[in-house]
Structures are given as structure tokens and as C-alpha cells.
Amino acid sequence: MVKDTYQVLILDDDIPLSELLKEFLQTHTRSTVTCLSREEDFWNCPDLAAFDILFLDYKLGETTGLEVLAKISQKGLNLPTVMMTGEGSENVAVRAIQLGALDYLIKGDYSLNTLPSLIQKAVRLREMQQSMHQYLEQIRFQATLLNNIRDALVVWNLEGKITYWNPAAEQLYAIPAAERLGKSVQEAYFPCFDPPVEFSTDQAAVNIPLEHRYCLAEGQTIWISSHITPLSTEENGVLFGFMDVARDITPRKLEQEELVKSQRFVQRIIDTSPNIIFIFDLALLSIRYINPEVRSILGYDVDDLIGNSVSLFADLIFADDKPLVNAHLNEMRTCQDGQVFEIEYRVRNHAGNFCWLKSRETVFSRNADGTPFEMIGVIQDITANKEAEDRLRRRLNSEKLLASASNQLLNMARQDADTGIRDALMQVANFIQVDFGMIFLLEQNRLIPYRLEHGLTGRLLDRSMPILNLAQLNLPWLLERLHTLELVILHSSSELPQNAIGERQLIERMGVSAAIFVPMIYNHNLCGTVVFGIDHSTFPWNEEYVYMLRTFSEMVTNAILKKQIDQALRKSEARYRAIVEEHQTEMICRFLADATLTFVNEAYCQYYEQDRRQLIGSSFLTPILEGERDVIRALVSDLSANHPIKNFEQRILNNAGEVRWQEWTSRAIFDQHNDFIEFQAVGRDITARKKMEEQLKTAQTHLAQAARLASIGELASGVAHQISNPLTTIIGDAQILLHQLDRRHPGRESAEAIVQAGWRTQQVINELIKFSDAPQNSHAAVSVNDTIEKSLLLASVHLQAYGIKIVVDTDPSLPTITANAHQLTDLWLNLLLLARSAAQDGKNNTIHIRTQKVEEHGVQVTVTDDGKPILPAQFDKIFEPQLLPTGEGRGTGMELSLCREIARQNQGEISIQGNGKETTFVIVFMNEQTTESNE
């Protein structure tokens, strides 16, 4: 390929010569020539690689052309260079050629006509170098590709000799390339397959894909996908060998086998599934597959539905559900992978009845453009569930109706009672879809229509009837059945016996053909009936209505009785007012929402020793302890029309400054519109009862603790005696051994240690036996330090096992005190064990016990620990008996109460101090016992 223009660069400090060369080359060789005279200009020249040839002078001022040529080689520039010099030295020429110069010219000895051939030679050489570089890069890339390809490559020539075995083949076949290269493919490769590969050069024009087993050297068999292809030259297509491209398909083969098993398993599932499984063609709108279970659910054979037009299936769908099904099919046409749709609809079965079906569907296959083609689904018969839902819905609706009616009847004012009863009767009648409703009350063994106030009757839907005539009817047959307290249902008057004349007249005068009579019951006695009727032959009866009608009958009965009782109470209100205000022993008051008193009876005035005029207008909350007022205010404010009554207890401060307990029952009073009027409360003083309860609780606590200590003492005594017997043998044998051993014997020291440990253990057992003995109630002179030492002897090992350090600081000059030594030991044990229960895991806790003399005859003991601190807010209650969950405090909540009682019985007091890090119990004993100290 001949270039149109050559790019020539001349680096020569002989500027006239450079200009001469430039003019010649531009005239005779279509060259663009750039002349430079200095080395720095050469290296600053942009894009040196773009020049086709460089004419380089040997002498360049401070440097030489050989040095420039060396730098060009070091920088890796592919720039053909011709060295020019006026010296004509062969050494320079040889050195230039060694450094990569294309040629060497001696100034004055060469003809300018040779320059064009030199330029063409340089261009051709450069093109050859570039082509060779590209070819080498391609070879390196192909070699890297073949060595890193994941497929196994095996190549053999026309003589059947293996010429290439790549690393993937080494890994797949577990054979190094060195063991296979140069060997016959017919002997070293094909026989390893099962069955052996049959191949000849006649198959050169055919690609051979194979899937067969390959036997590895270890005896393991794998599945191989093999593809044998011929190899030929690109220029003329001459065949020079064959290549086998193979890969391991064992996982896929195993998956195929599992798939076959799964298909069989799925088929068995489909055949035995209790649901309908189907495949639906979204394009043809037809069923492609449906399992035989369709017959047991819908009664149709499989052949009746598969392949037929969707119209057959659509004709079976309930008319109201067809738009829903069509919308579902359109939605399925946009279904994404993994998306599941559900739909519920009704279908006519083979018997002509509609049943409810629930279908869960997803995409089964797609078209080439990715749109859904088929969908697969599972259909479940949910008719029973739907019927249960309907029953539950009717039950819930009836519950809502009853709740509404109950709320209306309970909160209605006296003057609106009949209006509420009539409205509730209308609501129930409309709910059960009847035409007539009325209430009859039992008076002197006769059913009398209930008369509403203001001239209103019990009619429904403006149906007129002679009420007075109904009252004159004699209904013995109906009364006999109502007295059994069961519902009486008449589907028609023909069910009445011949002697039920009055009942037949009742049905006729009500203008109905069927009726239901619900007994009104109060205290297990019949007091009337609620009757509903319809004017057509078929009675719309549901069993779910039984509970609703009975409940409604109870509500109406209570409303009517409440009205009657309210009327009777209002008649006698004046008679009882004097009793409430003057002779009532309990306190009665009324107050507004802001607790302002509007009424107090005489008992209230006497209790607070104030005149009624002073109390009315004051606050009900004033006597209550300040810290409890907000609680009582919130409790009373929580009263509502639905929950108008609340019982509560409160503490008050009377005129004498004494704290007293009261018990109150407060009721919120509302008008007929449920608007709040005021609170009315009845109270009594329960201080004596509260004190008795506290005493009883303390007695129970002491009794339980005494029983526990008695059990522990009995157990400790038994265990001590069991240990004491073998311990005596140990001590005796050790002493005998000690006498037999020479003083220099190495085992004598161990024998002495056994004797000492035995006596120390015996001492602990003796103290444990003394501690387990029944306590004596007698008091005597006691050394406090001795009782502390005894408690430490019993508890120190247990405390040290928990990593607790014990620091004892006792004053040896303490006076003795008059006390029960056994109780004091129990007191210190309780405090030590409580400190152990407060110890924190992972922390080196310390218990510090200190005794000192106070005043003249007093003794003070402090027990301090740095375990879990007791908050100051608990100091006031810490010695009160209480039951705490395990882990929430120190002990079970009873031990500190017992400690306080022990201190009290021994003329002492116990208190608590704390700084948030340490907790200190201070016990002080003060008595007039004056004895010598226990030094």
C-alpha cells in the first residue's frame, strides 16, 4: 500500500543542509518535512510516532545522534531512523545499526536520489513491524483465550495425533496434557467414553454433537457433552485436523432424571389432589387441561370441558360474576413471573346448583414476545366456607343491631322509653324481613297488647288492626307453649289444632299467614311475648335468628320493666328523700364535672363536722390527700354513658389532721340525649377495715416466714447429724495416722491438715445444729460480735463462692445487750444473703460489717454492700412485706420485713441509707443493760 504523503523529520544542526533536504524531498517525494536543529526541540515535538522516517545527524552540539537513537529505543518509539554523519566511521555505523537505525549515510558520499527509496523502505518496514506486532498480539490473545476457556478443548491432526489439550481438559478429564499430547486419539481418548466414540476422517464435513458418559481414572463416571468439528485454513479451506469441544453436563443430566421423577410425582399429586387443577389458553379462551377431580366437585367429565369453546365454561358462571371473571382474564394477560392472582366466583354444577369456587392462577407459558400464553391454576370448592361466612355475617349484623338497640334502650330517658322500644322493634322487623311486629304482656294469665304512651300502639308499617279486639282473645294453646320458655313458630294457620280458636283469630286479625312468638322471660318466668309475622306462605327462617330474637326479647323485657320500675320509683321519691338526707348512715353526695358539690346528706356533714352550707359549693377533692387527687379526678372523669359506675378507694385528711380511708361508689347521670348532668356518689369510712387487713397481712407474712425457717432448721439439723458421723471417723483415723508417722515423714503435714480441717468442719456443724434448734423466746445478755461471727461462720463459704469479699470491722469494747442470740444470728444471715442476691455478675462485690458503741448503752451495726443499689424512692416501702418476682429485687420481698420485726422484738430499729452506689442497713439496739464489754 503506497501512502499519498510521507511525514519526514530532520534533526540536524547544519541548517542549510536541512533546508536542502527538505526542498528536495518535498519536490520529488510528496513529503511533508519538518526540520529541527536541537535535541530539546525534537523531544518537545508533538506526536513523534506520526512521522514515517527520521534523518538524524550524528553530531548535535552537546549530544550525538547515537545518544538520541538510544533514547528512542528506550522509549519504545517505532520511528525508522537514518543516521547521517560527515566522519564516515565504521564504528559509528555499526553502533547506529545496533541501536535500531534503518540505514547509515555519509554526508557528501550519497546521492539525493537514494532518499525516496529509503523513505519507501522505512514505510514498508514500519508496516511490516506493525503487522507482525498485531499478529503476535492476536496469537497471544488466542492462546490466552484457549487456555482460559471453560470448555475442554482436544485437538488432533489428520494422522490422529493429539496436538492440543487445554487446562480445562486437564481439569475435566483429570489427566495432564503431557500424558496425552502426541498420542493417538483412537487409543488415548475415544475409548474412555461409554460407549466409545466412533469417528473417522470421512466425517470431516459433519459437526458431531454427542452426549455420552466418560469414565474417569478413579472409576467415577460423568456425563460429557462433546462437539467434534473439523479445522481448516482460512485462505484455502484445507483440512488440517479436528477439534472436540466438551463440557461436563452431569448436573443437567441429574436434573433431567430428577425432573422425570418430579413429573411422575407431580402427576400423582394432580391425580390425587382434592382440588381442580387446570391449564387455560388465554388466546383461544379454552381449557387445555383439567384433572379428573372436576367430576367430584362440579359433576362434569374431563372431556366435557377440555378443548371446548370457552362459551361452555362461561355459560356456567353466575351472571353477576362474569364481569369479574373477564376483568381477571385481562389482568392475567399482563401477569409477571412469580405473580399469583386469586379470584372467587360462582359456577353452576352438573346438578344445576351454584357453588363457590376460589382460583389461584399464574403464568404457565409465554409467547415469543413474552406475553402470557397459558395460565395454570388450582380451583378449590369454598361453598361451605362462603355459607359459613354468610352465617357469620348475619350473626355479626345481628350483633351490631342488638348492640345499637341495647345502647338505645339502656340510655334512653324515661319519657322516651316507648319511642326507643318502638324504634328497636322496627329495626329488628326490617332486619329479619317481616311485615308485622308487636309486644304482648302477660297479665292474669292473659296476653294483653302492650300500649305505648301518647296513644301509640305496637303496629308496624302503618298496618291498622283492632287492638282492643286482640286483648279480648283467649289463647290457651299459645300460652301453654310459651310457658315452656321456647320459641313458637307457626308456618301457617293450618298447623294450629282445632281447639286453638283464639290463636287462629289472632293470626287472622294480625293479617299474617305465618308468625313467630318469642317469650319474654324475667327471673325464669314468662312475662309476655314479642311476635313477628309475614303475610306470605314461606317463612324466612334462619337458625342464626334464634339467639338474636331471644336477646332482643330480653332487652325489651328489661326496658319495659325499667320503665315500670322507674315510674314506681318516681312515685316514691318524695317518701325516701327524707331517709336519704336525714337518716342514711352512709355518706351521699352529688357533684359537677369540676368536682363542685351540689348536694350532701346529713351523714356527709357529720363525718366532716361541717355545716351543709359550708360544704355545698366546695370541691369533693379538697379533703383527699394531695398526691391522690389527680388519680381520683381521672377515675371519675372516665365515667361515660356506656360505663357510668365506678368503685374506688381514697385517703382523706379530716379536721383533726388524721388520715382516714374511704370507699366510694360513683355514678355518672345523663339526660335522654346522653348529655352529662352530674355525678352521684355513696361512700363509707373503711379505716378500721384497712387497719385489720394490714394486721392480717403482717400476721400471714410472719406465719409463712416462721414456717419456712422451721423447715430450714429441721433440714439443717438432719444434714448436720448425717455429716457429723463420717466426720468423726475422718478425724479419728487422721489422728491415729498422725501418731504413727514420724515427724520427718512427708505425709505428716497432710495428716495434720486433715485433722485441723475436720475440727473446723465440726465447729461449723455444731453452730448449724445450734442454729437449727427451736428458737427460745427468752432474752439474755448477748454479745453482738459473737452473733455476727456465728452468722459469718454459716454464710462465709456461700458468699465467697459468689466471689464476694467480706470485710469485718468489730469494736471489741462493745457492751452486751439484752436480746435473743438466735434471732440476732438470723437477722445477720438475712442481711448477708440479701446482699448476695444483689451482687452483680462479673463484678468483685464487697460486704462490709462494722460494729460500734453509740451513746452510753447502745450498739450500732452497719451492713454495707456495693451490689445493685436500692433507689431512694423505695426507702419508705422497703421494709413493708411485698411479693417481688425473682430477680427484681433483694430476695422475695419478705426478708426485710422479717428483719424489721426481729430488730423490734429485741428493742432495736433498722433503717436504710444509700448513695446510688452502695446500700447500707443501720441497726441500733438501745437498752439499759450495763455489763462489761466482751473483750
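Fair warning: this is a prediction, and the values are worked out from it, not measured in the lab. (Residues numbered from 1 in each chain as written. Predicted model: local features only at pLDDT ≥ 70, side-chain atom pairs only at ≥ 80, totals over all residues. Heavy atoms only, no water.)

**Some details on the overall build of the chain**
- The secondary structure content of the chain amounts to 27 helices and 35 strands.
- For the chain, with 935 residues in total, the buried portion stands at 39%.
- Across the chain, contacts joining residues at least 24 apart in sequence account for 57% of those joining residues at least 6 apart.
- Of the roughly 52,900 Å² of accessible surface on the chain, 51% is carried by carbon and sulfur atoms. (Helix = DSSP H or I, 4+ residues; strand = E, 2+ residues; numbered from the N terminus. Buried < 20%, exposed > 50% of the residue type's maximum accessible area, 1.4 Å probe, protein only. Contact = heavy atoms within 4.5 Å. Areas by Shrake-Rupley, 256 points an atom, 1.4 Å probe, with all protein chains shown as cover.)

**Description of the sheet that holds strand β23 (residues 525-534)**
- Read from one edge to the other, the open sheet built from five strands follows the order β20-β19-β23-β22-β21, with strand pairing classed as antiparallel. Sheet topology places β20 (446-449) and β21 (488-490) at the edges, where each strand pairs with a single neighbour. Here the average twist between neighbouring strands, direction ignored, is 25°.
- Strand direction decides the pairing type here: strand β19 (residues 436-443) and β20, joined by four bridges, are antiparallel. Its bridge partner being in β20, Leu441 is matched across the sheet by Ile448. (Pairing = 2+ DSSP bridges. Axes fitted to C-alpha atoms, helices over the stretch in contact; angles between N-to-C directions.)

**Quick notes on the pattern of salt bridges**
- A full pass over the atoms with the stated rule returns 34 salt bridges.
- With a closest N to O distance of 2.1 Å, Asp301 and Arg295 form a salt bridge.
- Judged by relative accessible area, Asp301 falls into the partly exposed class, the value being 35%.
- A salt bridge links Glu480 to Arg481; its shortest N-O distance comes to 3.8 Å.
- Exposure remark for Arg481: the relative accessible area of 32% places this residue in the partly exposed category.
- The network of salt bridges with common partners includes Glu586, Glu649, Glu663, Arg684, Arg689, Lys690 and Glu693. (Salt bridge = Lys/Arg side-chain N within 4 Å of Asp/Glu carboxyl O.)

**Brief notes about the pairing of strand β18 (residues 372-381)**
- Summarising the sheet, strand β14 (residues 276-281) and β18 pair through six bridges and their orientation is antiparallel. Each residue of the ladder has a partner; that of Asp281, found in β18, is Glu374.
- Between strand β17 (residues 354-366) and β18, which follow one another and run antiparallel, lie five residues, and Gly370 among them has a positive phi close to 90°.

**Thoughts on the packing of aromatic side chains**
- Tallied over the full model, the rule gives 23 aromatic pairs.
- Across the ring face of Trp661, the terminal group of Lys690 is positioned such that the distance to the ring centre comes to 4.5 Å.
- We note Arg836 situated over the ring of Tyr802; from NZ or CZ to the ring centre the distance is 4.8 Å. (Phe/Tyr/Trp six-rings, centres within 6.5 Å; stacked < 30°, edge-to-face > 60°. Lys NZ or Arg CZ within 6 Å of the ring centre and 35° of its normal.)

**So, the nonpolar core**
- With 37 residues, the main nonpolar core has Leu827, Trp828, Leu831 and Phe921 as its most contacted residues.
- Considering every element that reaches this core, the biggest residue donor is helix α26 (residues 821-837), with eight residues.
- Membership of the second largest hydrophobic core comes to 30 residues, among which are Met548, Leu549, Phe552 and Ala559. (Core = buried A, V, L, I, M, F, W, Y, C linked by side-chain atoms within 4.5 Å.)

**Considerations on the sheet that holds strand β24 (residues 587-591)**
- Spatially, the five strands line up as an open sheet ordered β25-β24-β28-β27-β26, and their pairing is antiparallel. A strand with exactly one partner marks an edge of an open sheet, and here the two such strands are β25 (597-600) and β26 (645-653). Adjacent strand axes in the sheet meet at a mean angle of 25°, parallel and antiparallel pairs treated alike.
- The pairing of β24 with β25 spans three bridges and is antiparallel. Across the sheet, the residue bridging to Arg590 is Phe599, located in β25.
- The strands touched by helix α22 (residues 629-637) within the sheet are β24, β26, β27 (659-670) and β28 (676-685), with β26 carrying the most contacts at an inclination of about 160°.

**Focus: the environment of Val340**
- Inspection of the secondary structure puts Val340 in the loop between α12 (322-332) and β16 (341-348).
- Relative accessible area serves as the criterion here: at 43%, Val340 is assigned to the partly exposed category.
- Measuring from C-alpha to C-alpha, the distance between Val340 and Gly377 comes to 9.3 Å, with 37 residues separating the pair along the chain.
- Apart from the residues lying within four places of it in its own chain, the contact partners of Val340 are Arg360, Glu361 and Thr362.

**Thoughts on the environment of His798**
- Looking at where His798 falls in the secondary structure, it is placed in helix α25 (residues 784-800).
- Look at His798 and you get partly exposed, because its relative accessible area is 33%.
- Taking the C-alpha atoms as reference points, His798 and Arg836, 38 residues apart in sequence, are found 9.0 Å from one another.
- Aside from chain neighbours lying at most four places away, what touches His798 is Leu833 and Arg836.

**What about the pairing of strand β13 (residues 239-248)?**
- Alignment of strand β8 (residues 152-157) against β13, held across six bridges, turns out to be antiparallel. Residue pairing for β13: Val155 is matched across the bridge by Met243.
- With nine bridges joining them, strand β12 (residues 221-232) and β13 adopt antiparallel strand pairing. Each residue of the ladder has a partner; that of Ile224, found in β13, is Asp248.

**Let's talk about the confidence of the model for the chain**
- Summing up the model confidence of the chain, the mean pLDDT is 80 and the portion of residues at 70 or higher is 83%.
- Here residues 454-466 is modelled with pLDDT under 50, and outside its nearest four sequence neighbours on either side it reaches 29 contacts, counting other chains as well.
- Predicted confidence for residues 929-935 stays below pLDDT 50, and this span has 19 contacts to residues more than four positions away or in other chains. (pLDDT = per-residue confidence, 0-100.)

**Focus: the packing of α25 against α26**
- Where α25 meets α26, the closest approach of the two axes is 8 Å, and the angle between their N-to-C directions is 40°. Crossing angle aside, the handedness with which α25 passes α26 is right-handed. Across from Val784, Thr787, Ile788, Lys790, Ser791, Leu792, Leu794, Ala795, His798 and Leu799 in α25, the residues of α26 making contact are Ala821, Leu824, Thr825, Trp828, Leu829, Leu832, Leu833 and Arg836.
- Here the residues of the contact of α25 with α26 sort into twelve nonpolar, four polar and two charged. (Left-handed = near helix turned anticlockwise from the far one by under 90°. Nonpolar A, V, L, I, M, F, W, Y, C, P; charged D, E, K, R; others polar.)

**Here we look at helix α13 (residues 383-410)**
- When the terminal C-alpha atoms of α13 are compared, their 40 Å separation across 28 residues agrees well with the 40 Å that a helix rising 1.5 Å per residue should span.
- Of the residues making up α13, those classed as buried are Thr383, Lys386, Ser398, Leu401, Leu402, Ala405 and Leu409. (Expected span 1.5 Å × (residues − 1).)

**Thoughts on the packing of α13 against helix α14 (residues 417-431)**
- The interhelical angle for the contact between α13 and α14, taken along N-to-C directions, is 170°, at an axis separation of 9 Å. Judged by the angle between their axes, α13 and α14 are roughly antiparallel. Two secondary-structure elements touch here, α13 through Arg394, Asn397, Ser398, Leu401, Ser404, Ala405, Gln408 and Leu409 and α14 through Gly420, Ile421, Asp423, Ala424, Gln427, Val428 and Phe431.
- For the contact of α13 with α14, the per-class residue count stands at seven nonpolar, six polar and two charged. (Parallel < 35°, antiparallel > 145°, perpendicular 65-115°, else oblique.)

**Observations regarding α25**
- Across its 17 residues, α25 extends 23 Å between first and last C-alpha, which sits within 8% of the 24 Å expected from 1.5 Å per residue.
- If you look at α25, its biggest bend is around 45°, right at Leu794.
- For α25, the full list of buried residues reads Val784, Asn785, Thr787, Ile788, Ser791, Leu792, Ala795, Ser796 and Leu799.
- Where α25 is buried, its residues meet β29 (780-782), β30 (805-809), β31 (817-819), α26, β32 (846-854) and β33 (858-865). (Bend = angle between axes of the 7 residues up to and from the residue.)

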